[in-house]
Structure formats: C-alpha cells, structure tokens
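What follows is each chain in one-letter form.
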Amino acid sequence: ILNVEQSPQSLHVQEGDSTNFTCSFPSSNFYALHWYRWETAKSPEALFVMTLNGDEKKKGRISATLNTKEGYSYLYIKGSQPEDSATYLCAFGPSSGSARQLTFGSGTQLTVLP
Amino acid sequence: DGGITQSPKYLFRKEGQNVTLSCEQNLNHDAMYWYRQDPGQGLRLIYYSQIVNDFQKGDIAEGYSVSREKKESFPLTVTSAQKNPTAFYLCASSSTGWTNEKLFFGSGTQLSVL
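Keep in mind that this is a model prediction, so the values were computed, not measured.

Draft legend 1. Looking closely at the state of the cysteines. Summed over all chains, the structure comprises two disulfides over all chains. One disulfide in the model links Cys23(A) with Cys90(A); its S-S distance is 2.0 Å. Because the sign of the S-S torsion sets the handedness, a value of about 75 degrees for the bond joining Cys23(A) and Cys90(A) places this disulfide among the right-handed ones. Taken as a pair, Cys23(A) in strand β3 (residues 19-24) and Cys90(A) in strand β9 (residues 86-94) lie far apart in primary sequence, 67 residues in all. Relative accessible area serves as the criterion here: at 0%, Cys90(A) is assigned to the buried category. Residue pairing for Cys23(B): its cysteine sulfur links by disulfide to Cys91(B), the two sulfurs lying 1.8 Å apart. Taking the torsion about the S-S bond as the criterion, the Cys23(B) to Cys91(B) disulfide, at about -70 degrees, is left-handed. Here Cys23(B) is found in strand β3 (residues 19-25), whereas its partner Cys91(B) is found in strand β9 (residues 87-94), with 68 residues between them in sequence.

Draft legend 2. The arrangement of the side chain of Thr68(A) in detail. The residue Thr68(A) is located in the loop between β7 (62-67) and β8 (72-77) in this model. With near-sequence residues (within four places) excluded, Thr68(A) lies in contact with Phe25(A), Ser27(A), Phe30(A) and Asn53(A).

Draft legend 3. Molecular detail of the packing of aromatic side chains. Going through the model one piece at a time under the given rule, you end up with 16 aromatic pairs over all chains. For the pair Phe104(A) and Tyr35(B), a centre-to-centre distance of 5.3 Å together with 75 degrees between the ring planes defines the contact as edge-to-face. Separated into two different chains, Phe104(A) in strand β10 (residues 103-104) and Tyr35(B) in strand β4 (residues 31-37) make up a pair that spans both. Seen in terms of ring centroids, Phe104(A) and Phe105(B) are 6.4 Å apart; in terms of plane orientation they differ by 75 degrees. Their pairing is edge-to-face. Here Phe105(B) lies in strand β10 (residues 104-105) and Phe104(A) lies in strand β10, a pairing that spans two chains. Of the two residues, Phe104(A) and Phe105(B), both sit in the buried class. Pairwise contacts between aromatic rings join Tyr36(A), Phe104(A), Tyr33(B), Tyr35(B), Tyr48(B) and Phe105(B) into one cluster.

Draft legend 4. Structural view of the sheet that holds β3(A). Residues and elements named next belong to chain A. Pairing in this open sheet of five strands is antiparallel, and the strands run β1-β3-β8-β7-β6 from one edge to the other. Looking at strand neighbours, the two that pair on one side only are β1 (5-7) and β6 (56-59), the edges of this open sheet. Between one strand axis and the next, the sheet turns by 15 degrees as a mean value, whatever way the strands run. For β3 and β8, the ladder comprises six bridges, and the chain directions are antiparallel. Within β8, the residue paired with Thr-19 across the bridge is Ile-77.

Draft legend 5. Spotlight on the interface of chain A and chain B. Contact residues are listed per partner, giving 22 residues for chain A and 24 residues for chain B. Considering only the surface of chain A that becomes buried against chain B, Trp38(A), Arg100(A) and Phe104(A) emerge as the three largest contributors, covering 33% of it. Across the contact surface, chain A and chain B share zero salt bridges. Our enumeration of links across chain A and chain B arrives at ten residue pairs in polar contact (both at pLDDT 80 or more). Elements represented by at least two residues in the side of chain A that touches chain B include exactly β4 (30-38), β5 (45-50) and β9 of chain A. Among the elements that take part in the side of chain A that touches chain B, β4(A) stands out by supplying five residues, more than any other.

Conventions adopted
Residues numbered from 1 in each chain as written. Chains lettered and ligands numbered in written order. Predicted model: local features only at pLDDT ≥ 70, side-chain atom pairs only at ≥ 80, totals over all residues. Heavy atoms only, no water. Disulfide = S-S within 2.5 Å. Helix = DSSP H or I, 4+ residues; strand = E, 2+ residues; numbered from the N terminus. Buried < 20%, exposed > 50% of the residue type's maximum accessible area, 1.4 Å probe, protein only. Contact = heavy atoms within 4.5 Å. Phe/Tyr/Trp six-rings, centres within 6.5 Å; stacked < 30°, edge-to-face > 60°. Pairing = 2+ DSSP bridges. Axes fitted to C-alpha atoms, helices over the stretch in contact; angles between N-to-C directions. Buried area = accessible area lost by both parts, 1.4 Å probe. Salt bridge = Lys/Arg side-chain N within 4 Å of Asp/Glu carboxyl O. Polar contact = N/O pair within 3.5 Å; in protein donor to acceptor, adjacent residues only side chain to side chain.

Given below as structure tokens:
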C-alpha cells in the first residue's frame, strides 16, 4: 500500500492571505501527480496533472510545483478568496501507467475567512 | 454539457438489501471508476473498467459488484455482503485510463444504513 500524505489536514486563512500545502508521495516509481479541488456539494475538479520533475503549473492564482526525487508537491494559492474554500486532494500515480493504481491523499481542507 | 451524472444523491439501505448506484457519462471516455470515501481517508478504488464488458477489482471490492454493458454506464451494486456500506461514493471517468490523464468526477452518492 502506497503512502500519500497531505499536510496540513485543515487550515483557516484570512481573505487576501497566500497559503500553501504539501503532498508527499513515494520518491520511487513515479509517473504522475494529480491535484483536485473539491468544493462542498460539488464534484472534485482537476487542477493539474504533473509528470516531470521540476514541473511548475499555474491556473489563475493557484500554482503547483513538483519534486519527484524527494517525493513532494506544493500547491500555492496567492491572495486567497472565499471561493477558494474547498478540500484539495492530491493523487500519486506509479509507473505502472494505469490510473487504477492512483493513490489519493486524505486532502487538505481550506477555509478562507472574509 | 458533457459530464458525469450520479444518482441518487442520497440512498438508504436496509439490512440484507442490495442497492444500486447509477453512474452515467457523456464524455465518450473508455475508463470508468468507482471510489469510496470514508471520513479522514483518501478515496479508495472499488472497481475499475477500461472498456465495455471488462472490469477489474480495486482495493476494496468485497461486497460490491459492477457491470459495464454500455460505454456510458457503470452502475455499482452494494450487496448485503458489504457489512459496512455507509460511505460517500464517487464515480469517475478518464479518456483511456492512463495515469497521466485527469479524472472527471460525478457529484457523489451518500449511502446510509437504516
């Protein structure tokens, strides 16, 4: 069983603050790392799929970095807004290539206070 | 709009009863997945199908069954053999089932035992 850890489990920030959280995964056998945003009562929505060491991806105020050699990815949110409140999930994909092998972390729950 | 539709949103099961959760997609995706979410845990794979008339057990398949008679549909049956069925169930799909493809999710079904 692969270990995918997300930290912190939850956090509260003030509107306008920037924040970041971590996804840790096995440093061997890497193929892909996914980030999803899951707002309450909605479907999880893909933010990024990252495959290359050193990769950086950006979508609006959200960005992510990837370090496959040490087994971690950071998700950054710049200038948090209340609509950023959600649970952020990461998922590690090993080099088997099949998405059935994706292992999800338990998520970071972000609350942005107005 | 293309997407994944899950129904019902809420479902109650009596002791000894089988219940079926519906999942339909109109994204023309080959691969479909069923995940279970329990509090404080990551999503865990129940069943996976990469093509019509073929499916594979995931990590926690005991007490569940699926069918894939049509590309668009992947219903999950929770049988009476599943002793702890209370959980949130998510259906997902991806284009071909490779690890580097993002998953598209439905909005989930909350199953509770009466």
